[in-house]
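# Fold and geometry: a report
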Amino acid sequence: IEIRAAGDTILADKLDQWLDEVRTHQGILSLVTARYLGETPSQSGGNGPLLRWKTAWLESIGNVIEGSQPGFFLTESGDVAITYQDLDRKELAQFVRDALGPLGEALTRSGLLVDGEEVPLIVGIACVDGPAKSFRIEQLHDAAGRCLENAASQGPGTIKSIEVF
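Small disclaimer: the values here were computed from a predicted structure and weren't measured.

## Things to note about the overall build of the protein chain
- Helix and strand counts for the protein chain stand at five helices and six strands.
- The order of α-helices and β-strands along the protein chain, N terminus first, is β-α-β-α-α-β-β-α-β-α-β.
- Within the span of the protein chain, comprising 165 residues, buried residues form 43% of the whole.
- At a minimum sequence separation of 6, the contacts of the protein chain that also span at least 24 residues come to 73%.

As structure tokens, then:
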């Protein structure tokens, strides 16, 4: 798994490449953005908890969605973003819901979560199906960000998704 920063030019080129591939076969490109609502590095005394939740999240979501070749990257705000091809919005949202259970178990084992506590994670999902030539990757990123902010207003464990045209 290679994780890149959102401002990375290699990442921007890769996202544009994925968009071109999806355009060619009129497939689906999805962006899943997750934010941890637990302790920040300044509250916990270091980056350890943040690294542990990101690792646990990537393992949980990777175990639920098999056969896809996702791309992983970190946004400038520290969120984890994952791109998928050819998974529809409802299917992807269900996979994310299914990954919350194993994530909670992993966070409990690592001491970041008390057993039975809600997973302190919110998720925004944006998908484009058969994108037009004029569609830009920023539209997908912005839509996932709006979903993430709407999820934040509803609290931990919330998943919001949208189809972008």
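## Considering a negative patch on the surface
- A surface patch of negative charge is lined by Asp-13, Asp-16, Glu-138 and Asp-142.
- Mapped onto the negative patch, the elements with two or more residues apiece are helix 1 (9-24) and helix 5 (137-154).
- Position of Asp-142 relative to the elements: it lies in helix 5.
- On the basis of relative accessible area, Asp-142 is assigned to the partly exposed category, the value being 44%.

## Examining the environment of Gly-145
- Within the element layout of this structure, Gly-145 appears in helix 5.
- The spatial distance from the C-alpha of Gly-145 to the C-alpha of Val-123 is 9.3 Å, given a sequence separation of 22 residues.

## Overview of the pattern of salt bridges
- Evaluation of the coordinates by the stated rule reveals three salt bridges.
- In this structure, Arg-35 and Asp-79 form a salt bridge, with 3.0 Å as the shortest nitrogen-oxygen distance. A residue pair is termed long-range when its members are at least 10 positions apart, and Arg-35 in strand 2 (residues 28-36) and Asp-79 in the loop between strand 3 (71-74) and strand 4 (80-85) qualify at 44 residues.
- With a relative accessible area of 5%, Asp-79 lands in the buried category.

## Some points on the nonpolar core
- Core analysis: the biggest nonpolar cluster contains 30 residues, and Trp-53, Trp-57, Ile-82, Leu-107, Leu-121, Val-123 and Ile-125 have the highest contact counts within it.
- Breaking this core down by element, the ones donating at least two residues are strand 2, helix 3 (48-64), strand 4, helix 4 (89-109) and strand 5 (121-129).
- In terms of residue count, the dominant contributor to this core is helix 4 (eight residues).
- If near-sequence neighbours (up to four positions away) are discounted, Leu-121 is found in contact with Ala-34, Arg-35, Tyr-36, Trp-53, Trp-57, Leu-100, Leu-103, Pro-156, Gly-157 and Thr-158.
- In terms of nonpolar packing, the next biggest core, distinct from the first, is built from 16 residues, Leu-19, Ala-126, Val-128 and Ile-137 among them.

## A short note on the environment of Phe-165
- Following the sequence through the fold, Phe-165 ends up in the segment after strand 6 (159-164).
- Look at Phe-165 and you get exposed, because its relative accessible area is 79%.
- C-alpha of Phe-165 to C-alpha of Asp-129: the two residues are 36 residues apart in sequence and 7.5 Å apart in space.

## Looking at the pairing of strand 5
- In terms of residue burial, strand 5 counts as a mostly covered element, since eight of its nine residues are buried.
- Sheet analysis places strand 2 next to strand 5, joined by nine bridges and oriented antiparallel. Bridged to Val-32 within strand 5 is Ile-125.
- A crossover links strand 5 with its parallel partner strand 6, the connecting element being helix 5, and its sense is left-handed.

What counts and what doesn't
Residues numbered from 1 in each chain as written. Predicted model: local features only at pLDDT ≥ 70, side-chain atom pairs only at ≥ 80, totals over all residues. Heavy atoms only, no water. Helix = DSSP H or I, 4+ residues; strand = E, 2+ residues; numbered from the N terminus. Buried < 20%, exposed > 50% of the residue type's maximum accessible area, 1.4 Å probe, protein only. Contact = heavy atoms within 4.5 Å. Patch = residues over 30% accessible without salt bridge, like charges linked within 9 Å, V, L, I, M, F, W, Y side chains within 5 Å. Areas by Shrake-Rupley, 256 points an atom, 1.4 Å probe, with all protein chains shown as cover. Salt bridge = Lys/Arg side-chain N within 4 Å of Asp/Glu carboxyl O. Lys, Arg positive; Asp, Glu negative; His and termini not counted. Charge placed at Lys NZ, Arg CZ, Asp CG, Glu CD. Core = buried A, V, L, I, M, F, W, Y, C linked by side-chain atoms within 4.5 Å. Pairing = 2+ DSSP bridges. Right-handed = clockwise from strand over helix to strand, strands pointing away.

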